[in-house]
Every structure is written in structure tokens, then in C-alpha cells.
Amino acid sequence: MNTIPTRAATGEHGTGVLANLTPNWFASVMGTGIVATAALSLPVRSAGLRLFATAVWVLAVLLLVVLTAATVTHWRRHPRTARRHHLDPVMAHFYGAPPMALMAVGAGTLLAGPTVIGTRAAVAGGWALWSAGTLAGLVTAVAIPYLQFTRHETVDPRSAFGGWLMAVVPPMVSASTGALLVPYTPAGQPRLTMYLACYAMFGISLLASLVIISMIWARLVHHEIGPARMVPTLWIVLGPLGQSITAASLLGGVAANALPDPYATAMAAFAVLYGVPVWGFTLLWAALAAAVTIRTARHHLPFSLTWWSFTFPVGTVVTGTSGLALHTGAALFRVCAVALYAALVVAWAVVGARTLRDGVFRPPARDTVLSGSGPRTRADGRTGSRWAWAAGRNSW
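Residues numbered from 1 in each chain as written. Predicted model: local features only at pLDDT ≥ 70, side-chain atom pairs only at ≥ 80, totals over all residues. Heavy atoms only, no water.

Asks: Help me understand a nonpolar patch on the surface in this model?
Replies: A contiguous nonpolar surface patch, about 440 Å² in accessible area, is contributed by Trp217, Val221, Phe281, Leu284 and Leu288. Residue assignment for the nonpolar patch shows that the elements contributing at least two residues are α9 (189-222) and α12 (263-299). Element by element, the count of residues in the nonpolar patch is highest for α12, at three residues. Looking at the element boundaries, Leu288 is found in helix α12. The exposure class assigned to Leu288 is partly exposed, which follows from its relative accessible area of 40%. (Patch = residues over 30% accessible without salt bridge, like charges linked within 9 Å, V, L, I, M, F, W, Y side chains within 5 Å. Areas by Shrake-Rupley, 256 points an atom, 1.4 Å probe, with all protein chains shown as cover. Salt bridge = Lys/Arg side-chain N within 4 Å of Asp/Glu carboxyl O. Helix = DSSP H or I, 4+ residues; strand = E, 2+ residues; numbered from the N terminus. Buried < 20%, exposed > 50% of the residue type's maximum accessible area, 1.4 Å probe, protein only.)

Asks: Where do I start with the pattern of salt bridges in this structure?
Replies: Note that side chains of opposite charge can pair when their charged atoms are close. Under the counting rule described, the total for this entry stands at two salt bridges. In this structure, the salt-bridge partner of Arg354 is Asp358, at a minimum N-O distance of 2.9 Å. One end of the pair, Arg354, and the other, Asp358, are both in helix α14 (residues 331-360), four residues apart, so they sit about a helical turn from each other. Overall, Arg354 belongs to the partly exposed group, its relative accessible area being 24%. Take Asp358: its relative accessible area is 4%, and that puts it in the buried class.

Asks: Which parts of the structure should I look at to understand the environment of Ala136?
Replies: You can see Ala136 is positioned in helix α7 (residues 119-150). On the basis of relative accessibility, which here comes to 28%, the residue Ala136 falls in the partly exposed class.

Asks: Even after reading the chapter, I still don't get the packing of aromatic side chains, so can you show me in this structure?
Replies: How two aromatic rings sit relative to each other is given by the distance of their centres and the angle of their planes. A full pass over the atoms with the stated rule returns 14 aromatic pairs. Members of the aromatic cluster, each reached through a chain of ring pairs, are Tyr195, Tyr199, Phe202, Phe270 and Tyr274. (Phe/Tyr/Trp six-rings, centres within 6.5 Å; stacked < 30°, edge-to-face > 60°.)

Asks: Got a minute to help me understand the nonpolar core in this structure?
Replies: Looking at soluble globular proteins, one finds that nonpolar side chains tend to be buried together. Residues Leu165, Tyr195, Phe202, Trp285, Tyr341 and Leu344 are the most contacted members of the largest nonpolar core, which totals 101 residues. Counting residues per element, this core draws most heavily on α9, which supplies ten residues. In contact with Leu344, other than residues within four places in its own chain, are Ile34, Val35, Ala38, Thr311, Val314, Gly315 and Val318. (Core = buried A, V, L, I, M, F, W, Y, C linked by side-chain atoms within 4.5 Å. Contact = heavy atoms within 4.5 Å.)

Below is the structure:
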């Protein structure tokens, strides 16, 4: 049985955030970073909006630095616990969060950074963050499914949930952020290679995500919705959908820098031909996720870090919608982008405040035991079949 033992079992001692730090904490960096980049992608411009975006980007940078330092400290003080996260069939997938956090901050560096640190430093920082995030993201996209296939306990079809997408979405974020770097890549073969690599990563993430989304849909149809604490992860599905629209839009916009006609024109057209139908399905999923979330909240929706699922995935829909507005000039997309961004800011403010109040300054309710097999304790005290639980406020 693949089990993450309690601190008492490992001989590791300590309390607080560092003792219970898990990779999914980097979702807070993702959710904060997307607020900045989404603001700068909107089809409206104002000095106040740019100032707000820059301030949020600085906050995302600080969060990334603090969490990175905390993670290093966690690995030094609690190595046995840290090394076992990848063996847990739920927590392992959230190793995709750190790479996406790096690239979310990297995108903000390219868009907001020039006014703060200068264009040269912003481009250098963007390259560094994109390179590190892309390498780590490609590793998680291969390693985590491999572990799921070979090392994790047999997974029941009822356990499919939005978190499974976290490990395979980073290459799509690489495709989006990489598109911003295409104009800064040396012309000729280096630029062409960069562009084609971004589209290859688009395919890696898109096809893997479609498989997982189908499994999540099947689980919702044939089995229960799942424990209340896991319901927000339904919103993670918006991530690969919205990010794929964003990537297609950005890559279509820079195609002329890397490809000759007719391919450059075809890529620009693909941004709309692909983006609009997927945008429609994205709204369908958002409506379903909202309905399930409201239904759950009427009974009880306990706070946990899963609430960050309300931020980054929605932010990718904002950037995707803004891209469609740019390519089509349609007022529909301009209005929807602004409305979705307003909802994103509200969600980010609420989740951020709850994280500060209930996630950071309060200790976990009890030691967490994440098991690779067997029944899991639910929030209501009963056992849940194949649902891994990270008890307390510091875990998913």
C-alpha cells in the first residue's frame, strides 16, 4: 500500500504550514498570476487596470519566492513526507502546479515586467521561468501518468476528478507563454523550432486532457458527484479548455513571425475555427460546474485549497475569450471577457482572504494520512470509496 505516513510514523516532528506543505500550494501562485496576465490581455486598456495588474504580478512573484523557499525548507526538514507525495494517487497530480506557477509568473513578467524592470530584464526573466516551467512540466506530464499506470494502486473509475488534469496541463501553459517568446527568438531555424515546439506541446496537453475530461464526465454520469470538498476541482476542467483557446490565439497571432504563407494564414484562421467551438463547450462545462457547486454549497462547501480551482481555470477562459475578441473583433467576446474578468477578481479576492484566514494561520485539524488504497475518511466522518482525502485546511 502506497501511504504517506504521519509525522509520528516517520520520526519527523513539527507543526504549521511547513510541516504540512504540499505541491498544491503553488495553485495560489497560479491563481494570482493569472489575475495579472488576464487583466493585460483584456480588449480594454486603462492606466488603472495596468497598475492593478502590475501590483498583482509583483504579489505573484513574492508568493512564488516564498513558496519556493518554503518547499526547499520542507524537503530539508521533512524529507520522508516530501518524498512520498508522488506515491499518493491524488497528491501526485498536483506536482503540475509548481511548473504552471513558474510560467504564470513568467507570462506576467513578459507583459507587466517591462514597465518595472525594463524590457531586457523582463525578457530574460520570461525565458528563465518558461524554460524551468516547461522542463518541469514535461517531466510531470510523463512521470505522473507513468506512476499512475505502474506504481499507484488500482484506481477505481469513481476516483476520476479534475485534479488528474493538473499533471498534463503544464505543456499547454508552455505553448501559451512560449508564443509570447516567439518574437524574441532569433529568426530562422531557432524561431521556427520554438514555434513548432509550442504547437507540439499544445497537442500533448490537448489530447491527454480530452481523455481525462471524458473520464470525469463518465464518472459524473455513472457514479456520485463526490465529497463536497472535492467539488471545486470540477472547475479545473476549464483550465485546459481555456488555455488551449489562449494558446491557439497567441500562436495564431505570431505565426507570421515563424511561418511562411499559406501556413501563417492557416494558423491565424485555426485560432478562430478551433477557439469558438471549444469556447462554447467551455461555457457549457462552466454552467454545469456552477450548478453542482451551488447545489453543494446549499448544504455545505467546506474551505480547502481546492477553492483555488475557482481562479486559474477561470482566468484561462478570460485570456482565451480576449484572444477571440482580438482575432474576430466581435463585441460578444469583448463583453464576455470583461464580465468573466470581473468574476475572476471577485473569486480571487474571496479565495485569497479565506486562504489567509483558514489556510495559513490556523494549524491543520489533524495529521494527514494519504493512502494509495483502502477507504478514505470523508468530511462527514464516513468512509469514501477510493476518494483520497487530505484532512485539515492545509491540503486538498
